[in-house]
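# Coordinates in review
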Amino acid sequence: MNQRQLAKIAKRVGFWALVGLIMLYAVFPFYYAVITSIKPSSELFRVELWPSTWNLDNYAQIFSQSSFVRAIFNSIIVAFSVVFIALLLGITASYALGRVRFRGRSTVMLVILGVSMFPQVAVLSGLFEVIRALNLYNNPAGLILSYTIFTLPFTVWVLTTFMKELPMELEEAAIMDGATPWITITKVFLPLMWPAMATTGLLAFIAAWNEFLFALTFTLTDAQRTVPVAIALLSGGSAYELPWGPIMAASVVVTVPLVILVIIFQRRIVSGLTAGAVKG
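Residues numbered from 1 in each chain as written. Predicted model: local features only at pLDDT ≥ 70, side-chain atom pairs only at ≥ 80, totals over all residues. Heavy atoms only, no water.

## Description of the overall build of the protein
Heads up, the rule is: Helix and strand definitions follow DSSP, with helices as H or I runs of at least four residues and strands as E runs of at least two, each counted in order from the N terminus. Buried means the residue's accessible area, taken with a 1.4 Å probe over protein chains only, is under 20% of the maximum for its type, while exposed means over 50%, and partly exposed covers the values in between. Whether two residues are in contact is decided by their heavy atoms: any pair within 4.5 Å suffices. Note that accessible areas follow from Shrake-Rupley with a 1.4 Å probe, and for residues the cover is restricted to the protein chains shown. Note that His is not counted, nor are the chain ends; the positive residues are Lys and Arg, and the negative ones are Asp and Glu. By convention, the charge on Lys lies at NZ, on Arg at CZ, on Asp at CG and on Glu at CD.
Secondary structure summary: the protein contains 13 helices and 0 strands in total. When the helices and strands of the protein are read in sequence order from the N terminus, they spell out α-α-α-α-α-α-α-α-α-α-α-α-α. In terms of principal-axis extent, the alpha carbons of the protein reach across some 75 × 70 × 35 Å. Evaluated residue by residue, the protein yields a buried proportion of 36% over its 280 residues. Sequence separation of at least 24 residues holds for 72% of the intrachain contacts in the protein that already meet a minimum separation of 6. Accessible area for the protein stands at about 16800 Å²; split by element, carbon and sulfur atoms hold 69% of it. In the protein, 18 positive and 12 negative side-chain charges are present, and the distance between their average locations comes to 12 Å.

Here it is, written out as structure tokens:
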């Protein structure tokens, strides 16, 4: 075996070792949360890679709390509403920015990108005043509004990039057939934009599902809170007890749907994020 073959084998071994290290770094925290969630309280602080005793009491405890179940329902409503609104506005905006030529289009795109760079904490106080003025405090509509403000710029940016790459001949043929802009968007472009829509929709869903700061600030009662806040407010039997078991069980419950969605749409996510990166 010559040196070239040895170097090739060493590169391959190093590559797969690096992949394994990254996978361990990414997956192990979730795995440890799972095994912690099925341990009884007496074994929570015993470090082991495989639990000696399986117990589902932690899951039964969190689902017995009506506030946690209500929080899951609130998160579902808010997240799906944000995805729907962001995609609806994003598709129409991407058509205007990607297919219609007008002065200042590049400036508009830069402004959209700049808005997405603002940290949440920087606009928290101003947005709180807006939410209160609109009488949306302690209301899921307030969360939907605030989440849409932060997810829409990224949605418009990705969809516009994808829209620019669609052949101009498709639009010209639709116009020759008498199609209106709305018909062109929904009947011609929309079927071709599923990869980008899946990417932006899933990322918007994850952002709305996991958001904590706005959900904590703009809600007050258990009936209106979302899952991240509900998990943070889980309490133990006393003021000095932190219920690690129920917290881990709740974290697993809200993480599993996201993992499943990413696995299902992983191909579309990659194709959507790389849209427009390479021109043929």
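There's plenty left to go through after this.
## A closer look at the layout of surface pockets
Condition: The pocket and cavity definitions rest on a 1 Å grid over protein atoms only: a 1.4 Å probe that fits but cannot leave marks a cavity, an open set with protein on both sides within 12 Å along at least five of seven lines marks a pocket, and residues lining either have an atom within 4 Å of a point. Grid points are joined across faces, edges and corners, and a volume is the space filled by probe spheres set on the points. In the scheme used here, Gly and all other residues not listed as nonpolar or charged are polar, with Ala, Val, Leu, Ile, Met, Phe, Trp, Tyr, Cys and Pro taken as nonpolar and Asp, Glu, Lys and Arg as charged.
Roughly 270 Å³ of volume is contained in the largest pocket. In this structure, the largest pocket is lined by 12 residues; those nearest its centre are Val83, Ala198, Gly201, Leu202 and Phe265. Sorting the residues of the lining of the largest pocket by element identifies helix H3 (66-99) and helix H9 (194-210) as the ones contributing at least two each. Of all the elements, H9 adds the most residues to the lining of the largest pocket, at 6 residues. Partitioning the lining of the largest pocket into residue classes produces 10 nonpolar, 1 polar and 1 charged. A per-element tally of the lining of the second largest pocket places helix H6 (residues 140-164) first, with 6 residues. Across the lining of the second largest pocket, the residue classes tally to 9 nonpolar, 6 polar and 1 charged.

## Some words on the domain arrangement of the protein
Selection criterion: An automatic or database domain assignment supplies the start and end points of every domain. Note on definitions: buried area is the accessible-area loss of two parts on being combined, 1.4 Å probe, summed for both. The term salt bridge refers to a side-chain nitrogen of Lys or Arg lying within 4 Å of a carboxyl oxygen of Asp or Glu. Under this definition, polar contacts are N or O atom pairs within 3.5 Å; protein pairs additionally need one hydrogen-donor-capable and one acceptor-capable atom, and for neighbouring residues in sequence, both atoms have to be side-chain atoms.
Along its sequence, the protein is carved into domain 1 (1-55) and domain 2 (66-278). On a C-alpha basis, the centroid separation for the pair domain 1 and domain 2 is 32 Å. Listed by partner, the interface residues are 7 residues for domain 1 and 7 residues for domain 2. Here domain 1 meets domain 2 over a buried area of about 560 Å², counting both sides, of which 90% is carbon and sulfur. Counting across the domain 1 and domain 2 interface gives 0 salt bridges. Between the two partners, domain 1 and domain 2, sit 0 residue pairs in polar contact (both at pLDDT 80 or more).

## Here's the deal with a nonpolar patch on the surface
Applied cut-off: Only residues whose relative accessible area exceeds 30% and that form no salt bridge are eligible for patches; like-charged ones are grouped when within 9 Å, while nonpolar side chains (Val, Leu, Ile, Met, Phe, Trp, Tyr) are grouped when within 5 Å.
Together, Leu18, Leu21, Ile22, Leu24, Phe28 and Leu49 make up a nonpolar patch on the protein surface, roughly 600 Å² of accessible area in all. By the secondary structure assignment, Leu24 is in helix H1 (residues 3-37).

## Thoughts on the packing of H1 against helix H12 (residues 244-264)
Here is the rule: Inter-axis angles, ranging from 0 to 180 degrees, are taken between N-to-C directions of lines fitted to C-alpha atoms, where helices are fitted over the stretch in contact. Here the angle decides the label: under 35 degrees means roughly parallel, over 145 means roughly antiparallel, 65 to 115 means roughly perpendicular, and every other value means oblique. A crossing counts as left-handed when the near helix is turned anticlockwise from the far one by less than a right angle, and as right-handed when that turn is clockwise.
It is at 8 Å that the axes of H1 and H12 come closest, and there the two elements cross at 125°. By the criterion of interaxial angle, the relationship of H1 to H12 is oblique. Judged by the twist between their axes, the crossing of H1 over H12 is left-handed. Of H12, the residues touching H1 (which contributes Phe30, Ala33, Val34, Thr36 and Ser37) are Gly245, Met248, Ala249, Val252, Thr255 and Val256.

## Some remarks on the nonpolar core
The condition that has to hold: Only buried residues count toward a nonpolar core, which is a set of Ala, Val, Leu, Ile, Met, Phe, Trp, Tyr and Cys residues joined through side-chain atoms within 4.5 Å.
Among the nonpolar cores identified, the biggest contains 50 residues, and Phe68, Tyr147, Met193, Phe218 and Ile231 are the most heavily contacted of them. With 10 residues, H3 is the single largest residue contributor to this core. Setting aside chain neighbours within four positions, we find Ile231 in contact with Phe68, Ile247, Ala250, Ser251 and Val254.

## Focus on the environment of Ser67
Assignment of secondary structure puts Ser67 in helix H3. Here Ser67 falls in the partly exposed class, since its relative accessible area comes to 27%. The sequence separation of Ser67 and Ala223 amounts to 156 residues, and the corresponding C-alpha distance is 6.6 Å.

## Here we look at the UniProt feature "transmembrane region" (unreviewed entry) in the protein
Which entries qualify depends on this criterion: UniProt positions are given in the numbering used here, feature names are shortened, and annotations may be inferred rather than shown by experiment.
The feature "transmembrane region" (unreviewed entry), as annotated in UniProt, sits at residues 12-34, 72-96, 108-128, 140-159, 188-209 and 244-265 in this numbering. Annotation note: span residues 72-96, helix share 100%, strand share 0%, distance between end C-alpha atoms 36 Å. Regarding residues 188-209, the helix share stands at 82% and the strand share at 0%, and the terminal C-alpha atoms are separated by 31 Å.

## A word on H9
Quick note on the threshold: In this scheme, a helix's expected span is set at 1.5 Å multiplied by one less than its residue total.
If you check H9, its first and last C-alpha atoms are 24 Å apart, about what 17 residues at 1.5 Å a residue would give, namely 24 Å. Within H9, the full set of buried residues consists of Pro195, Ala196, Met197, Ala198, Thr199, Thr200, Gly201, Leu202, Ala204, Phe205, Ala208 and Trp209.

## A few points about the packing of aromatic side chains
To keep it simple, the criterion reads: Here a Phe, Tyr or Trp ring, Trp counted by its six-membered ring, pairs with any other such ring whose centre lies within 6.5 Å, and the pair is stacked when the planes are under 30 degrees apart, edge-to-face when over 60, and tilted otherwise.
A complete count under the given rule lists 11 aromatic pairs for this structure. Considering the side-chain rings of Phe28 and Tyr31, the 6.3 Å spacing of their centres and the 40° angle between planes classify their relative orientation as tilted. Taken together, the residues Phe28 and Tyr31, both in helix H1 and 3 residues apart, mark about one turn of the helix. With a centroid separation of 5.3 Å and an interplanar angle of 20°, the aromatic rings of Phe214 and Phe218 are classed as stacked. Of this pair, Phe214 and Phe218 both sit in helix H10 (residues 213-218), 4 residues apart, roughly one helical turn. For the pair shown, Phe214 and Phe218 are each scored as buried.

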